[in-house]
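Per-entry structural report
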Amino acid sequence: MYPPAPPAPRREFTSVTLNLGQNYDGSKSRRRRSCWRKWKQLSRLQRNVILLLLAFLMLCGLLSYISVAEQWKAPDGRSAEEQKMQPANPPVLPANPPVLPANPPVLPAQQEADANPEHVPGVLPQTTRRHFRRGPPNLQIRAPSKDAEDGRQDDAQRQEGTADEAQQDERPQSTPVSWRGAMIEPDQGTELPSRKADAPTWTQSQPAPPNERQKAVVDAFRHAWAGYRKFAWGHDELKPVSRSFGEWFGLGLTLIDSLDTMWILGLKKEFGEARRWVSRKLRFQKDVDVNLFESTIRILGGLLSAYHLSGDALFLQRAEDFGNRLMPAFQTPSKIPYSDVNIGTGVAHPPRWTSDSTVAEVTSIQLEFRELSRLTGVKKFQEAAEEVTRHVHSLPGKKDGLVPMFINTHSGLFTHLGVFTLGARADSYYEYLLKQWIQGGKKEMQLLDDYLEAVEGIRKHLLRTSEPSKLTFVGELSHGHFSAKMDHLVCFLPGTLALGAHHGLPADHLELARALMDTCYQMNRQMETGLSPEIAHFNLYPQKAQKDVLVKPADRHNLLRPETAESLFYLHRLTGERKYQDWGWDLLQSFNTYTRVPSGGYSSISNVQDPHNPQPRDKMESFFLGETLKYLYLLFSDDADLLSLDAFVFNTEAHPLPIWAPT
C-alpha cells in the first residue's frame, strides 16, 4: 500500500484588472449603469415631474436667448420688427433738393349722431424740414385756418411726459390733429415716409348734423363693428353667426378697410381704437401670400385714404412699407404682375392652376400705386403700374375697346380670346381708365380714348333690353354668342358713367347711366328679400307671368356687395333726384331685415328669394363696412361738398384719393 499523498501547498493570488484607454476614476460605465438603474427605480410620476422641469428650464433658456438676441440686433432702441419695416434699399435724396412745402392733409370728421367729445390717440408729425418731391403734381386746396393752426399749436404745448420730451429732442416736432374738438395725440415711433409730397389740406365748413337716414347707417355700422370688435378683433373677417373669425391674409382686413368710413361717419372712439391697433399690432413682416389686387385696393388704398382724411403720418408710413413688399409681383418677363406675392419673403407667383393673371386685377392697382409715388417721391410704384397700363393699351385681341378676361404673365398677351364681359375679372379695368384720367388732372388722353372706345363697344356688343319691362342691361359675349347674363358687379357701371358725365363726357353717358341704374334697382326689387342675387339672367322674349330678372339656384346668394349703393350715390350726387335716396333706403332696410345678426354683424345670405329662410352664410365681407355703408351714408347726405367729386376720386374699394391739381 502506498502512503497518502501529501497535501497541496496553499497558494496566494492577486487579481489585477486592466482598464485600457481609461483611468480608473470610478468607472463611467458603472456610473451610467448605476444612474440608469436609479432612474428605472423611480416611479412614473417622479420621472414625469423631472422631465417636465427639464423642459420648462429649456424653454426659459430659449426665451432668454431670443430676448438678448433681439436687444443685440436693435441697439438703437427700435425693435427688430420695426427695423424690418424699413425699406431694404431706401431711395437716395439728391444732394441739393428743391425746397417744397409739406402740409399734411386734414379732413374734419362728420359730426357724430350723439357726439360726445372724446380724446382719440393719433399722430400728425410735422417738421420744419422741406421735402423733395418727384412725380405727379401737387394737390392745392385751401390751407387750414389760422385759428385751427393756433389751436393745434396750443395743444402741442400742453403735451406732457419727460421721457417723451427727451426723445422729441432727437426727432422733428410733432403736432396733434384737432378732430372737431377731439385731440389726436402723437404716438411714439411714428415716422414720416422717406420723402413726403405736398399733400392736400382739405377743409370744409362745419358739416351739418347727420339726418335720420344717415343716423340709421351709423347705427348699422356700429352694430357691425360691435360684432367684429367682440368676436374678430384684429382678424380679417367676422363670422357673425358662429361668433368667430376668418383669415385671408391675417392683416386685419376689415379694420383697415373701415378706417376712412369711421372718419367720415364721425366715429371718433372707434377710429382711435383702430388706429392704436394699426400702430401697435399691424406688421407686414410675415410669411403670408397676399393677392396683389385685393391687398392693393383694400389695404394700400385704405391706408392712403386714412392718411388723406386724418393727416396721420402713421398710415402713410405703413402704406409705403406695404407698397415696397408688393413690388416683387412686377418682376415677370412681361412686367405684367403675378397675382400673388409673399410679403415676408418677397416671392411672387401666379395661381397654382395657371400662369395667367386676370385683366381687372393687373389694371386696377394704378390709382393706389400712382398716389403712393406722389406722396413719397419714390417713382418705382408709379412706373411699374403705368407700364402695365401702356402694355395693355398696345395689345391686340380687343373688340372695339372691350378686353378679354385673362393675360399671361410670361408672354404678356391676352388669353381666352373672344370672351368679353363687364363682370368678374374685367369690370374694374374700365372703371380705372376713367378714374386714372380724372386723378391725373384730365391730361392723359390715352386713358380717356380707351375709355370712350370701350363705352361704344359696350353699346355695340353687350347692351340689350329685357321683357316685359324693357330693362336695359349689359350681357356677355363669348365667341360671337350673346349671353343675357349680368353679374351684380356690373352695377358699378351706372356710377362710372355718371362720374364721367360729371367731368364733362358726353351727355348720353348719363342717359345710359340712368337706364342701367333702373335695372340694378330692379335686380334688387324683384327679389323677395329686396336684395340682388350675385348673378342675374334676363328674359329676352315676351312670356306670360315671366319677370325680367331670372335667377339660377347657384346664383341666388348675396354677399352684401356695394355696387348698387355706389351707383345710387353717383346718380344722386349728379342729378339731385330724391328717388335714388329712396332706393338706397329700401336697400338698407333689406340688409337690416334679412342679413343683420342680433349678436353683432351682418351676414351674407345664400337665398335672396326666400324671405323666411335666407340661409345665412356666416361671413361679413370687409367691403360691407368699407364700401356699402360708406356709399349709403354719402348717398343720404345732401351736402355735395362732403368728399366732393371735384376733389376726390374713389378707388374700386370706395377709398377716396385726391385729384391732382393741374400744374
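The shown structure was predicted, so the numbers you read here are calculated from the model rather than taken from an experiment. (Residues numbered from 1 in each chain as written. Predicted model: local features only at pLDDT ≥ 70, side-chain atom pairs only at ≥ 80, totals over all residues. Heavy atoms only, no water.)

Okay, the nonpolar core next. Core analysis: the largest hydrophobic core is formed by 157 residues, its most contacted members being Leu259, Phe369 and Leu422. Excluding its chain neighbours within four sequence positions, the residues that come into contact with Leu422 are Leu402, Asp427, Tyr430, Ile458, Leu462, Val474, Val490, Phe492 and Leu493. (Core = buried A, V, L, I, M, F, W, Y, C linked by side-chain atoms within 4.5 Å. Buried < 20%, exposed > 50% of the residue type's maximum accessible area, 1.4 Å probe, protein only. Contact = heavy atoms within 4.5 Å.)

All right, on to the pairing of strand β17 (residues 535–538) then. Because side chains alternate across β17, one face comprises the buried residues Ile535 and His537, and the other comprises Ala536 and Phe538, equally buried. Of the pairings in the sheet, the one linking strand β16 (residues 485–487) to β17 comprises 3 bridges and is antiparallel in character. Within the sheet, the bridge partner assigned to Asp487 lies in β17 and is Ile535. Bridge count for β17 against strand β18 (residues 549–550) is 2 bridges, and the pairing is antiparallel. Paired with Phe538 across the bridge in β18 is Val549. (Helix = DSSP H or I, 4+ residues; strand = E, 2+ residues; numbered from the N terminus. Pairing = 2+ DSSP bridges.)

A word on the sheet that holds β16. A sheet is described by the order of its strands in space; here 3 strands give the open sequence β16-β17-β18, paired in antiparallel fashion. What marks the edges here is a single partner per strand, and that holds for β16 and β18.

Let's shift gears to the state of the cysteines. Overall, the coordinates contain 1 disulfide when judged by the stated rule. The disulfide partner of Cys491 is Cys520, and the gap between their sulfur atoms is 2.1 Å. Given an S-S torsion of about -105°, the disulfide between Cys491 and Cys520 has left-handed geometry. On the criterion of sequence distance, the pair formed by Cys491 in the loop between β16 and α16 (493–502) and Cys520 in helix α17 (residues 507–525) is long-range, its members being 29 residues apart. Cys520 shares its class with Cys491; the two are buried. (Disulfide = S-S within 2.5 Å.)

Keep in mind these numbers describe shape, not what the thing actually does.
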